[in-house]
Amino acid sequence: MKEKLIKQAVQVLSNNFQKEGFTIPCKGLYPFQWKWDSGFIAIGLSYFNISNAKKEIETLLNAQWENGFIPHIVFHNESDTYFPGPDFHQSNLHFLSSKEYKSTGMTQPPVTGFVLQEMLRIASDKEGMLQFIETQIDKVYRNHQYFYKNRDIYNEGLVYIYHNWESGTDNSPIWDDIWETMNPPEYDFERRDTTHVDASQRPSKREYDYYLHIIEIAKEHNYDDTKIAELSPFLVQDPLFNAMLIKSNSALIGLYTKLGENEEKISQLKKWQEKSIKAFNEKLYNENLGAYVHYDLRNGKQIEFVSSSSFSPLFSGIPDEKKAKEIVNTMLTKFGGEDKYLCASFDPTSSRFNPKKYWRGPVWINLNWMLYYGLKDYGFIDVAQRVKEDSIELIKNDGFYEYFDSRKSNNGGYGGSDFSWSAALIIDLLHI
Ligand code: DGY
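Residues numbered from 1 in each chain as written. Predicted model: local features only at pLDDT ≥ 70, side-chain atom pairs only at ≥ 80, totals over all residues. Heavy atoms only, no water.

A. Main features of the nonpolar core. Phe-40, Trp-369 and Leu-375 are the most contacted members of the largest nonpolar core, which totals 148 residues. A total of 11 residues in this core trace back to one element, the largest contributor, which is helix H12 (residues 239–259). Setting aside chain neighbours within four positions, we find Phe-40 in contact with Val-111, Phe-114, Val-115, Asn-366, Trp-369, Met-370, Trp-421, Ala-424 and Leu-425. (Core = buried A, V, L, I, M, F, W, Y, C linked by side-chain atoms within 4.5 Å. Buried < 20%, exposed > 50% of the residue type's maximum accessible area, 1.4 Å probe, protein only. Helix = DSSP H or I, 4+ residues; strand = E, 2+ residues; numbered from the N terminus. Contact = heavy atoms within 4.5 Å.)

B. Representation of unusual backbone geometry within the structure. A cis amide bond links Phe-83 with the next residue in sequence, Pro-84, at an omega value of 0 degrees. With respect to the helices and strands, the residue Pro-84 is situated in the loop between strand E2 (73–75) and helix H4 (86–89). Cys-343 follows Leu-342 through a cis peptide bond whose omega is -5 degrees. Within the secondary structure, Cys-343 is located in the loop between helix H14 (321–335) and helix H15 (365–377). One non-glycine residue, Tyr-223, lies in the positive phi region at around 60 degrees. Mapped onto the elements of the fold, Tyr-223 is located in the loop between helix H10 (205–220) and helix H11 (225–231). By relative accessible area, which is 2% here, Tyr-223 ends up buried. Positive phi, close to 55 degrees, is recorded for Tyr-358, a residue that is not glycine. Along the polypeptide, Tyr-358 turns up in the loop between H14 and H15. Since its relative accessible area comes to 4%, Tyr-358 is described here as buried.

This is how it looks when you write it as structure tokens:
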């Protein structure tokens, strides 16, 4: 079974690899290069095609802006199967955007640092991989500099996102209360996603109005970070996003130490790290819920809902033992009934839970992958094993889908099929 699944996963990744040197998340629905997808994909590629794994990272980092920003989608190629494309986003509005590559003007979780570390773990030619890392690592460092300089408005060690698409958890119920504070026009546009996937599994038309409206505001100000921080109706400190940054800080410290002669950068990274972990525990923890939560900077309050992002700090070594126990207890109590696969993307006990709709409930393999390692690091071996086995079972039963129903009685795979990161990360989980 294991060998067969790995072979199929390799096939998915090979089919989705493009001649320009990057992998699409899946055909039709996502026909370009996505930032956090590329990171997870490079981990899987490292097992069987190191050269493509390196290309994956290179093509992403080649599109970095002059201020260190790395965009969420890079439009290397033309495609009319996706909306909103390059003509809508108009990254050229920002004076420091890449002159060579069109992209969006928003970013996605900063996975690239820890991805380089994972690539080194997996590669058998460590020397060759370290040489590659040496050519890329400063770009990742500059990306972290960008975040701390431009996205940490109170200089507290926590960076903001200004769009739900930056979070990666695009239509999470976490954002519902923010949408209530906005009243965007009803835009006239042609959705493409619902021509590939059943509409019941995707965000609503009205949700797209909110998404587009935030981009229009950013565009009016040429994607200027200061203006966005001042004016965007969506301004959030997201635990998943910040946990990824913290994990990547640690990875950069480890990699720079291996490479040698980077004392100043290591010392800066350590400073960021200490401040970020402290603020994360003080500001993003909710005692009543026993979980980390999002902080709505625009409206000055925690958003009191539990999602799979609430547990992601385990992956980054953020909680102390007491908090780690509390959040695992919350995960098992709310998400972990025997009739369910771990780990739903949103609290199954909430009235906002929807087991079929994208980030409003289904299980996602990338979150499970992070949770597996995080749980294992903290010594929750049985729960880690369950997350791993559930992930494998879902893919074995349903195929390499984008997301999965967490109900055992009503299981199914949803969204895009032959989805690259589901294939990439299952390769890793099947090897360890
Ligand atoms: C989409 O179009 O749904 C993408 O996930 C945005 O990043």
